[in-house]
Amino acid sequence: MLFNSWVFLLAYLPVTVAGFFILGRRSESWGAAWLACASLFFYGWWDYRYLPLLTGSVVFNYGCAALLGPGRASHRKALLAAAIAANLGLLAYYKYAGFFVAGVAELLAQPMPVLHVVLPVGISFFTFTQIAFLVDTYKGKAQESRFVHYLLFVTYFPHLIAGPVLHHKEMMPQFAARRTFRLSERNIAIGSTIFFIGLAKKVLVADNIGAYAAPLFNDPVAPSLLIAWSGVLAYAFQLYFDFSGYSDMAIGLSRLFGVRLPLNFDSPYKSRNIAQFWRRWHMTLSRFLRDYLYIPLGGKRCGPVRRYLNLMVTMVLGGLWHGAGWNFIVWGFLHGAYLAIHKGWSALARTLRLPVGTRAGNVAATILTFIAVCVAWVFFRAPDMASALTIVQGMAGGFGLALPDALARQLQPLQPLLASLGVSFYLGGGTAFIESWTWIAIAALLVFAMPNTQQIMRRFEPALDFQHAAAARGHGVARLLTWRASPAWAAAIALLALASMLALSRPAEFLYFQF
């Protein structure tokens, strides 16, 4: 069931919200049980045959956590290792078995049976959530004796399919608070506003601009410079608005129930370096990789060489988490290399006392970071390595610079200059060329010049780890577009909701459902 579908908006959500608050007034346990059951129904709507897998994973990890409490340290450590191995083994089977068999077949040059393993939706997220819970329980940071609350924590439908990755300590106090089960007009107003902003990002921007990325990645035959960049930028903005829209919708839906989720997105394309990008893109996954992989590997405690190696290992595994394929490994490797280069450059700049923080330098750093991220997105999106390398070659001008013939007449005065630069013209595609760059310009304006959702909602603590001072950064537009409970804002959000719902005739899945 998609957040951007009629059945969700007009049937599932109203019934779930009403049942939660009606039952919650009688008993918090009834309210929590209702929401957990509704979340299981939400998951089963996709494919009920995978409900036993989800519930089995929940029961297994809850039982392991119960056994991690008492006992000798060596036994507890062995149990933790076994439980994590079981979780990773399950994830590996569903996600990587086919990739592994294909790799062995290629290595041995022998045909092997093809595995048709269907990837259960959301398995990466509920697996990572529970691994974090096990580790926190082992360290004494988490403890949960109520199975219904643990079931709700794992299956809570706003985050179940595509995150954010939750920490037990963030959610359980909220599920236990009496005020959570009381209907709040304030939460309904704030939650629905955030939800409709996210819905607009998804259906009005991401779904429209995505159409201009598909032709390049589906058939990348010697793309010229502008064709290659238009397709890559269209995908970069499609993924941005798709994922950002989903994250907003998840936060908004959860707020309807009085539960605040952590931020997962904070204008990452405005980052001035790649480390900042990873603190602002998929923030909860970055936090998980830092806390449960990079730091246990040694982090930066073992010298610079080991630090760079740990960064590389973390990012490559992070890439592999996104999908079973060499493209994802290369994507993770590129980001590991970017981070290593950034750390090295920062150390050199400090040693040489180079000027940093100038306005021109910040603009140049933002542009350079964005270009590096876009190059990596090519490997993330391309169907295979050959296609990715062809597109990158096109982005570098390897196939020349060409414009649609429809523009030749408008550019008549510049013809000598264009000819000297080697610009050629091709027949057809003029409309798609203009539309794609128009959408890219609109998306770039929204991304780089407009406030993000938490800045718009900054007066009302839109997320769990919301930092008012950070959200208050920005220019006059950000302050002008700060939401308040007023007739004007109600009318604006109503229009946005109406426009978004009119575009729901063909709901498209979220890109992060694939991971």
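A.B. asks: Can you tell me about the overall build of the chain, naming the residues and giving the values?
C.D. replies: Broken down by element type, the chain carries 23 helices and two strands. Taken over C-alpha atoms, the radius of gyration comes to 24 Å for the chain, in line with the 24 Å a tight globule of 515 residues would show. When the backbone C-alpha atoms are referred to their principal axes, the chain occupies close to 80 × 65 × 55 Å. Long-range pairs, those at least 24 residues apart, make up 74% of the contacts in the chain between residues at least 6 apart in sequence. Total accessible area on the chain stands at roughly 23900 Å², and carbon and sulfur atoms take up 66% of it. Here the chain carries 41 positive and 19 negative side-chain charges, and the mean point of each set is 12 Å from the other.

A.B. asks: Tell me about the pattern of salt bridges, residues and numbers included.
C.D. replies: For the structure on display, the rule yields nine salt bridges. Note that Lys 201 is salt-bridged to Asp 248, the shortest N-O span being 2.6 Å. Pair noted here: Lys 201 is in helix α9 (residues 185-209) and Asp 248 is in helix α11 (residues 225-256), with a separation of 47 residues, a long-range link. With respect to burial, Lys 201 and Asp 248 carry one shared label: buried. Its salt-bridge partner being Lys 202, residue Asp 242 comes within 2.6 Å of it at the nearest N-O pair.

A.B. asks: Summarise the packing of aromatic side chains; cite the residues concerned and give the values.
C.D. replies: Under the criterion given, the structure shown has 53 aromatic pairs. A ring pair is formed by Phe 20 and Phe 257, whose centres lie 5.3 Å apart and whose planes are at 85°; its orientation type is edge-to-face. Of this pair, Phe 20 sits in helix α1 (residues 6-26) while Phe 257 is found in the loop between α11 and α12 (274-280), placing the two residues 237 residues apart along the sequence. We note that Phe 20, like Phe 257, is buried.

A.B. asks: Hey, could you go over the side chain of Asp 136 for me, with residue numbers and the actual values?
C.D. replies: Relative to the elements of secondary structure, Asp 136 occurs in helix α5 (residues 123-138). For the buried Asp 136, no salt bridge exists, and the shortest N-O distance to an oppositely charged side chain is 5.1 Å, to Lys 141. Once you skip the residues sitting within four places of it in the chain, Asp 136 turns out to touch Lys 141, Ala 142, His 167 and Tyr 292.

A.B. asks: Can you explain the nonpolar core? Please cite residues and give values.
C.D. replies: Residues Phe 3, Phe 8, Phe 153, Tyr 156 and Phe 157 are the most contacted members of the largest nonpolar core, which totals 89 residues. The element best represented in this core is α5, accounting for nine residues. Here Phe 8 is in contact with Met 1, Leu 2, Phe 3, Leu 13, Pro 14, Phe 42, Phe 157 and Leu 253, once residues within four sequence places are set aside. Among the nonpolar cores identified, the runner-up in size contains 50 residues, and Leu 233, Ala 236, Ala 382 and Ala 388 belong to it.

A.B. asks: So what's going on with the environment of Gly 318? Residues and values would help.
C.D. replies: Relative to the elements of secondary structure, Gly 318 occurs in helix α14 (residues 304-322). Relative accessible area serves as the criterion here: at 5%, Gly 318 is assigned to the buried category. Apart from residues no more than four positions distant in its own chain, Gly 318 is found in contact with Leu 289 and Trp 331.

A.B. asks: Quick rundown of α5? Include the residues and the values.
C.D. replies: Over its 16 residues, α5 runs 22 Å from end to end, which matches the ideal 22 Å to within 8%, given 1.5 Å per residue. Extensive coverage of α5 is indicated by the burial of 15 of its 16 residues. With its phi angle positive at about 80°, Gly 140 sits one or two positions after the end of α5.

A.B. asks: So what's going on with the side chain of Asn 310? Which residues, and what values?
C.D. replies: Mapped onto the elements, Asn 310 comes out in helix α14. Asn 310 gets classed as buried once you look at its relative accessible area, which sits at 2%.

A.B. asks: A description of unusual backbone geometry should follow, citing residues and the corresponding values.
C.D. replies: Its identity is not glycine, yet Ala 222 carries a phi of approximately 45°, on the positive side. For Ala 222, the position within the fold is in the loop between α10 (214-218) and α11. Ala 222 sits in the partly exposed class, given a relative accessible area of 41%. The backbone phi angle of Glu 461 is positive, close to 40°, even though this residue is not glycine. Of note, Glu 461 is situated in the loop between α20 (453-456) and α21 (468-471). For Glu 461, a relative accessible area of 44% puts it in the partly exposed group.

A.B. asks: Explain the packing of helix α16 (residues 359-381) against helix α17 (residues 385-395) to me, using residue names and the numbers behind them.
C.D. replies: One can describe the packing of α16 onto α17 by two numbers: an axis separation of 8 Å at closest approach and a directional angle of 150°. By the criterion of interaxial angle, the relationship of α16 to α17 is roughly antiparallel. Along this stretch, α16 crosses α17, giving a crossing that reads as right-handed. Taken together, the residues of α17 that come into contact with α16 (itself represented by Val 375, Val 378 and Phe 379) are Met 385, Ala 388, Leu 389, Ile 391, Val 392 and Met 395. In terms of residue class, the contact of α16 with α17 is made up of nine nonpolar, no polar and no charged.

A.B. asks: Tell me about helix α2 (residues 28-46), residues and numbers included.
C.D. replies: Given a rise of 1.5 Å per residue, 19 residues ought to cover 27 Å, and the 28 Å separating the end C-alpha atoms of α2 matches this to within 8%. Within the span of α2, buried status applies to Gly 31, Ala 32, Leu 35, Ala 36, Ala 38, Ser 39, Leu 40, Phe 42, Tyr 43 and Gly 44. Contact partners of the buried residues in α2: α1, α3 (51-68), α5, α6 (147-155) and α7 (157-160).

Cut-off values and rules
- Residues numbered from 1 in each chain as written.
- Predicted model: local features only at pLDDT ≥ 70, side-chain atom pairs only at ≥ 80, totals over all residues.
- Heavy atoms only, no water.
- Helix = DSSP H or I, 4+ residues; strand = E, 2+ residues; numbered from the N terminus.
- Rg over C-alpha atoms; globule rule 2.2 N^0.38 Å.
- Contact = heavy atoms within 4.5 Å.
- Areas by Shrake-Rupley, 256 points an atom, 1.4 Å probe, with all protein chains shown as cover.
- Lys, Arg positive; Asp, Glu negative; His and termini not counted.
- Charge placed at Lys NZ, Arg CZ, Asp CG, Glu CD.
- Salt bridge = Lys/Arg side-chain N within 4 Å of Asp/Glu carboxyl O.
- Buried < 20%, exposed > 50% of the residue type's maximum accessible area, 1.4 Å probe, protein only.
- Phe/Tyr/Trp six-rings, centres within 6.5 Å; stacked < 30°, edge-to-face > 60°.
- Core = buried A, V, L, I, M, F, W, Y, C linked by side-chain atoms within 4.5 Å.
- Expected span 1.5 Å × (residues − 1).
- Axes fitted to C-alpha atoms, helices over the stretch in contact; angles between N-to-C directions.
- Parallel < 35°, antiparallel > 145°, perpendicular 65-115°, else oblique.
- Left-handed = near helix turned anticlockwise from the far one by under 90°.
- Nonpolar A, V, L, I, M, F, W, Y, C, P; charged D, E, K, R; others polar.

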